[in-house]
Amino acid sequence: MAFTETWLSETDPDSALEISGFGAPLRLDWDSERVPKLWKQSTIVPLAKCSAPKTLNDFRPVALTSLIMKSFEKIIKEAILLQVEDKLDPLQFAYRAKTHCRSSHQDRHILKFADDSVIVSLLSEDEQDHGPVLSDFVEWCDGSFLHLNVSKTKDMVIDFRRAPPLPTITVIKDTDIELVDQYKYLGVIVDKKLCFEPWVDAVHNLHGDQCSRMKAEL
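These remarks concern the structure in this document. (Residues numbered from 1 in each chain as written. Predicted model: local features only at pLDDT ≥ 70, side-chain atom pairs only at ≥ 80, totals over all residues. Heavy atoms only, no water.)

1. Focus on helix H3 (residues 132–143)
Working note: α-helix, 3.6 residues per turn, so residues spaced by three or four point in the same direction.
Then step 1. If you check H3, its first and last C-alpha atoms are 16 Å apart, about what 12 residues at 1.5 Å a residue would give, namely 16 Å.
Then step 2. Here H3 has its buried residues at Val133, Leu134, Phe137, Val138, Trp140 and Cys141. Mapping the buried residues of H3 onto a view down its axis gives an arc of 160 degrees, with all of them on the same face.
Then step 3. If you follow the buried residues of H3, they end up packed against strand E3 (108–113), strand E4 (116–121) and strand E6 (171–172). (Helix = DSSP H or I, 4+ residues; strand = E, 2+ residues; numbered from the N terminus. Expected span 1.5 Å × (residues − 1). Buried < 20%, exposed > 50% of the residue type's maximum accessible area, 1.4 Å probe, protein only. Arc of directions from axis to C-beta. Contact = heavy atoms within 4.5 Å.)

Structure below.
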C-alpha cells in the first residue's frame, strides 16, 4: 500500500481525494506499492540542548520529514488502529489516545509530553504538598512498568505571598526531591517568580551573536 507520484488536474473526474493546502488533488494508487523517494527522505538537524554545547551528547537530533508523507501516515495509522485496537497490549501507550495517567483530584493536573511529566498543584492556604495525586502517579507508573527517574525529578514552588512559609520537601520512594528555583521543561526555562529572565538570558546567549549580525546587516 503506497502512494504514487501522479498528480491530477483540478478538473480530473477520477480524482478521489482533495487535500486543502496542497493545491491539486493527489491520486492514490493502492496497487503500485511505491512511495516517492522524496517523501521518504529526512534532513537531520542537530539541536543544541544547552547554551554552550561542547560534545555530541549536547545535541539532540531532529528529523525534518515530508509534511505530505506525515499527513498520509497519520491517515493510515488511524485506519490500522481501528482494525487492531482490541488486540493491542494494554501497556502499549505510544500512538494511542487517552492511555496516559489523568488526575482525578481537584486543582491537580498532570502534563505529559513523550517521557517528560509535570504535576501542577494549586495549593490552598492549608495545603503544603501535592497530596494524593503524587502517590497516584507513582503507583500508575509502577503498574504500567514505567521507570520513574527519581534522581532527575525536581520540585519548584511558585508563591507570590510576601512572607511565604518554608516549602515542604517532596518525597518519592524514600528519596527527597531537590527543591529548585528554576527548571527547564521542553526547552523553556521556568523560574519560581515567572519572570522568565533566565530563559531570555539563555536565548540571548545562544543567539545573541546571530541577532547582532542581523542588526548590523540591516
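On we go from here.
2. As for the environment of serine 151
Then step 1. By secondary structure assignment, the location of serine 151 is in the loop between H3 and strand E5 (154–155).
Then step 2. Between the C-alpha atom of serine 151 and that of glutamate 178, which follows or precedes it by 27 residues, the distance is 8.7 Å.
Then step 3. Within the structure, serine 151 has its side chain in polar contact with the side chain of asparagine 149 (distance 2.6 Å). (Polar contact = N/O pair within 3.5 Å; in protein donor to acceptor, adjacent residues only side chain to side chain.)

3. As for unusual backbone geometry
Then step 1. The backbone of aspartate 174 shows a phi angle near 65 degrees, a positive value even though the residue is not glycine.
Then step 2. Inspection of the secondary structure puts aspartate 174 in the loop between E6 and strand E7 (175–176).
Then step 3. For leucine 194, which is not glycine, the phi dihedral falls at a positive 55 degrees.
Then step 4. Along the polypeptide, leucine 194 turns up in the loop between strand E10 (188–191) and helix H4 (197–217).

4. Observations concerning the nonpolar core
Buried together is how nonpolar side chains tend to be arranged in soluble globular proteins.
Then step 1. Ile110, Ile119, Phe137 and Ile172 are the most contacted members of the largest nonpolar core, which has 13 residues in total.
Then step 2. If one sorts the elements of this core by residue count, H3 sits on top with 6 residues.
Then step 3. With near-sequence residues (within four places) excluded, phenylalanine 137 lies in contact with Cys101, Ile110, Ser117, Ile119 and Leu148. (Core = buried A, V, L, I, M, F, W, Y, C linked by side-chain atoms within 4.5 Å.)

5. A look at the pattern of salt bridges
Then step 1. For the coordinates displayed, the defined rule picks out 8 salt bridges.
Then step 2. Here glutamate 127 ties to arginine 108 by a salt bridge, and the two come within 3.1 Å at their closest N and O atoms. Within this pair, whereas glutamate 127 is found in the loop between E4 and H3, its partner arginine 108 is found in strand E3, the two being separated by 19 residues in sequence.
Then step 3. Classification of glutamate 127 by relative accessible area gives partly exposed; the value is 30%.
Then step 4. Residue classification places arginine 108 among the buried residues on the basis of a relative accessible area of 7%. (Salt bridge = Lys/Arg side-chain N within 4 Å of Asp/Glu carboxyl O.)

6. Regarding helix H2 (residues 67–84)
Then step 1. With 18 residues, H2 should cover 26 Å at 1.5 Å per step; its first-to-last C-alpha distance of 26 Å lies within 8% of that length.
Then step 2. Looking at H2, one finds that the buried residues are Ile68, Met69, Phe72 and Leu81.
Then step 3. In this structure, the buried residues of H2 make contact with helix H1 (37–40).
Then step 4. Capping the start of H2, serine 66 holds a side-chain oxygen 3.3 Å from the backbone nitrogen of isoleucine 68, two or three residues further along.

7. Structural notes on the pairing of strand E9 (residues 182–185)
Side-chain direction in a regular strand flips from residue to residue, so the side chains alternate between the two faces of the sheet.
Then step 1. Pairing geometry for E9 and E10, over 4 bridges, is antiparallel. Opposite glutamine 182, over in E10, you have aspartate 191 as the bridge partner. (Pairing = 2+ DSSP bridges.)

8. Topic: the side chain of histidine 130
Then step 1. Note on placement: histidine 130 falls in the loop between E4 and H3.
Then step 2. Exposure remark for histidine 130: the relative accessible area of 16% places this residue in the buried category.
Then step 3. A distance of 2.7 Å separates a polar atom in the side chain of histidine 130 from a polar atom in the side chain of serine 121.
Then step 4. Setting aside its immediate chain neighbours within four residues, histidine 130 contacts Arg108, Ile119, Ser121, Asp155 and Thr170.

9. Some remarks on the side chain of serine 66
Then step 1. Examined against the element boundaries, serine 66 turns out to sit in the loop between strand E2 (59–64) and H2.
Then step 2. Given a relative accessible area of 15%, serine 66 falls into the buried group.
Then step 3. At 3.3 Å, the side chain of serine 66 forms a polar contact with the backbone nitrogen of isoleucine 68.
Then step 4. Among all residues touching serine 66, those that are not within four sequence positions of it are Trp39 and Gln41.

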